[in-house]
Amino acid sequence: MNKLILLIFCTISAFAQASGVVQTKGDFIDKFRQLDEILPTPNRYRNAAGEPGVAYWQQQVDYKINVTLNEKKRALKAEQWITYHNNSPYSLRYLWLQLDQNRFKADSLAERSVEFGGLGRRGPSTKKVKGNSPAGISIAQLRRQQWLADNEPGYKILSVSDLNGKALKYTVVGTQMRIDLPTPLKHGEQTQFKMEYAYNILEENAVSARAGYEHFPDDARKGGNDIFLLAQWFPRLQAYSDYEAWHNKEFLGRGEFTLEFGNYEVNITVPADHIVSSTGVLQNPKDVLTKKQRDRLEKAKNAKRPVFIVTAEEALENEKAGTKKTKTWTFKADNVRDFAWASSRKFMWDAKGYKQGGDIAPLVMAMSFYPKEGGDLWKKYSTEAVVHTMEVYSRYSFDYPYPVAQSVNGPVGGMEYPMITFNGPRTTLQKDGSRTYTLAEKRFLIGVVIHEIGHIYFPMTVNSDERQWTWMDEGINSFLDGVAGREWDPDIPWGVEPRDIVDYMKSDIQVPIMTQSDSVLKLGPNAYTKPAAALNILREVILGRELFDFALKEFSQRWMFKRPTPADFFRTMEEASGVDLDWFWHGWFYTTDHVDISIDKVYKLRLDTKNPDIDFDRLRQEELDKPTSLFVERNKAEGKELWIDKNKDVQDFHDKNDRFTVTNKERNKYQQFLADLKDKEREALLRAIKEDKNYYVVDFSNLGGLVMPILLEVTYDNDEKELMHFPAETWRRSPHAVSKLIVTDRKIKSLTLDPQWETADVDIENNFYPRRFIPSRIEAFKDKKRKQMEYRDIMQDIKTKVKKPTKKLHKK
């Protein structure tokens, strides 16, 4: 090691030891350990690059269903023929089906396992005892209990047979049913069977079931009207995969669905005055639509703005009567993993053609179905938001793959199915007959339509396992709905920024993102916001947009109409971007560590030139710059005369030369030092002396445990700013604390970590050097008040007339 390197090394090492950066014996944690130790071993079905392997397979299930809606009894009755294609390399002796309506039976695992005060899909509905406080049950929970007690939910399985009418043996296990096959179903074979069943439709507002009916008692029709949203309505085959075989995880209500792709033909019989929205393409428009409606639908294909197929006036008139007649609507859908529909006489219906081009679906009909309660809010924004979603999502994944995309208003706040979504926001009827909505409701509608239509990409096309890994569809989709949303209006709070997750990440009610859905403590932050924020950071901070967008599109197109796992996503994003991201996946998805990087100390260094004529003057000035002793200052203020001033006739050599006086001895030593250096070393030192740069050592500590890039904004003494980006690998040998050397021509005035809040750092107060004043609680209160402003109904409040105060104003 040469002398110059040794000099610099010793100086920095001394600062490192002083700041506590040196690794303590035995406490090393490898934050960069390779994820392959956790992920499943690549194989012929799923390879090491994260793509489908050479022997990838998946099952196919086709359905033909005849279903009848009994409006009066609010019940469904159906018969269905199922064709199951065994594409796996294994023989199957039985088939498993999902009976999701059984989740609401009193003896179901879901109902029996609910904890008092536990977190439901919409949060806690009961109040736990805290200290001496009494327990409580909400009105909503009472209503739910009473509805389930007064009605009989769950399937009535009327028959299960082969196509010849021979009964098949079956066993019901909670929300699952096993059908025993007469002979094993071998690879490449298919089997067919028939089922007949019925069930009572749930009241969604009472039960919270993701589907059901909503009653409108104040409609003109005697007895009112209903909107029916039908999902999870037919027995569906469980998924059978290469990595889990049968996916028979019981439906408990939170973890959503894992399904197989297939082709559907569904005949839906409803009251003749109902309008039906459904997965698939309508096959018999002449039987169920008037000529005027069909003409309007044709016109909508080329319209700039949505065209009404059923107008508001027609829907309002339709509400008044009712009929005993029925119509059968026939829909076909190819290569979909599920099927849902909606029916009501209340619906107005608008449509607009989206010409996306390409070979998959050149023309997509974007459509919305909603009652008068939707009002102008839905007329203006629903279908437009459907189109906007497709325009944006297709740039980051693939062309929208189906011929229709629909948004339906009803009692469900937000749910997604192939080609159809259920969305909840509405207007408020005022006393003057007008309908208004708040800014919050407007933002909610736009946001939920984008989110739910986005789900037709993830997981309706990229078919991840929702029940096992909620984040794979909700997190990726929330990230993309944030992209689409901020291209709509960036002022709307989309909830996907890193700053939106900091409170959750520092809380004590976390579980890792990779936790199975039903065991997650707070589903929204865990499965939606945190993975979306993580992907936002990966795109904007770590990979950059070009690499990230290429990798995400590669993943989307690799797994279009296939079933990816988290390992496939992690591996594809690494393989396609060319960047090792194991540390990122492990920290963000497998731990509850959070981001909290602190600037602890900053040392200002100057180059020790060894030249006494330079260094001694500098040392003298540093001595003069030190604060004067308080004792000396007070003596001076009191006018006390110094001895040396009173006796100036008594002086010697040291009164004219201080300890920083340079002699030839030091100069000779310096010249010898230069002579002993190699030529390149001497050139480097003399150049450094000439340039006279500023050297700063900054000590950082990782208080949250999650390693992240260090984004450091440097403000110089002329107030110019520079952003320095130190990669996460800075922490690879010392995950607790690191020091960075900054060399600059200018003097540094201040330092700020993560100035734009890009990394989800939970404590920004230790991001400043020097430290700043902490904003007061008064300001925090004002911020909260500001956020509540969007919930005011100013569309209605603006009509308020100025009133004179009822009390007299007293002059001061």
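Residues numbered from 1 in each chain as written. Predicted model: local features only at pLDDT ≥ 70, side-chain atom pairs only at ≥ 80, totals over all residues. Heavy atoms only, no water.

**Concerning the sheet that holds strand β10 (residues 176–185)**
Where strands meet in a sheet, backbone hydrogen bonds hold them as pairs that are either parallel or antiparallel.
(1) Moving on: Strand order in the open sheet made by the four strands is β9-β10-β3-β14, with antiparallel pairing throughout. Strands at the two margins of the open sheet, each flanked by one partner only, are β9 (170–173) and β14 (236–237).
(2) Moving on: The sheet contact formed by β9 and β10 spans four bridges and is antiparallel. Paired with valine 173 across the two strands is glutamine 176, which belongs to β10. (Pairing = 2+ DSSP bridges. Helix = DSSP H or I, 4+ residues; strand = E, 2+ residues; numbered from the N terminus.)

**Digging into the pairing of strand β26 (residues 414–417)**
(1) Moving on: Here β26 pairs with strand β27 (residues 420–423) via four bridges, running antiparallel. Note that in β27 the partner of methionine 415 across the bridge is phenylalanine 422.
(2) Moving on: Counting the residues in the hairpin turn of β26 and β27 gives two residues, including methionine 419, whose phi is positive at 70°.

**With respect to the pattern of salt bridges**
(1) Moving on: Taken as a whole, this structure holds 57 salt bridges when the rule is applied.
(2) Moving on: Measuring nitrogen to oxygen at the nearest pair gives 2.9 Å for the salt bridge that ties arginine 296 to glutamate 314. Of this pair, arginine 296 sits in helix α6 (residues 291–300) while glutamate 314 sits in helix α7 (residues 312–318), and the two are 18 residues apart along the sequence.
(3) Moving on: Taking the shortest distance from any N to any O, the salt bridge between arginine 620 and aspartate 617 comes out at 2.7 Å. Taken as a pair, arginine 620 and aspartate 617 lie in helix α16 (residues 612–624) at a separation of three residues, close to a single helical turn.
(4) Moving on: If you follow the salt bridges from partner to partner, you end up with Asp219, Glu319, Lys346, Lys372 and Glu373 in one network. (Salt bridge = Lys/Arg side-chain N within 4 Å of Asp/Glu carboxyl O.)

**Observations concerning the side chain of threonine 438**
(1) Moving on: With respect to the secondary-structure elements, threonine 438 resides in the loop between β29 (435–436) and α9 (439–454).
(2) Moving on: What threonine 438 contacts, discounting residues up to four positions off in sequence, is Glu790, Tyr791, Arg792 and Asp793. (Contact = heavy atoms within 4.5 Å.)

**Some details on unusual backbone geometry**
(1) Moving on: Residue proline 459 is bonded to the preceding phenylalanine 458 through a cis peptide linkage, with omega at 15°.
(2) Moving on: Relative to the helices and strands, proline 459 resides in the loop between α9 and α10 (470–488).
(3) Moving on: In the segment running from tyrosine 769 into proline 770, the intervening peptide bond is cis, with an omega of 0°.
(4) Moving on: Of note, proline 770 is situated in the loop between β36 (768–769) and α22 (777–787).
(5) Moving on: Positive phi is not limited to glycine here, since glutamine 232 has a value of about 50°.
(6) Moving on: Its location among the elements puts glutamine 232 in the loop between β13 (225–230) and β14.
(7) Moving on: Unlike most non-glycine residues, aspartate 692 shows phi in positive territory, near 50°.
(8) Moving on: Mapped onto the secondary structure, aspartate 692 falls in the loop between α21 (679–691) and β31 (694–702).
(9) Moving on: For aspartate 692, a relative accessible area of 39% corresponds to the partly exposed category. (Buried < 20%, exposed > 50% of the residue type's maximum accessible area, 1.4 Å probe, protein only.)

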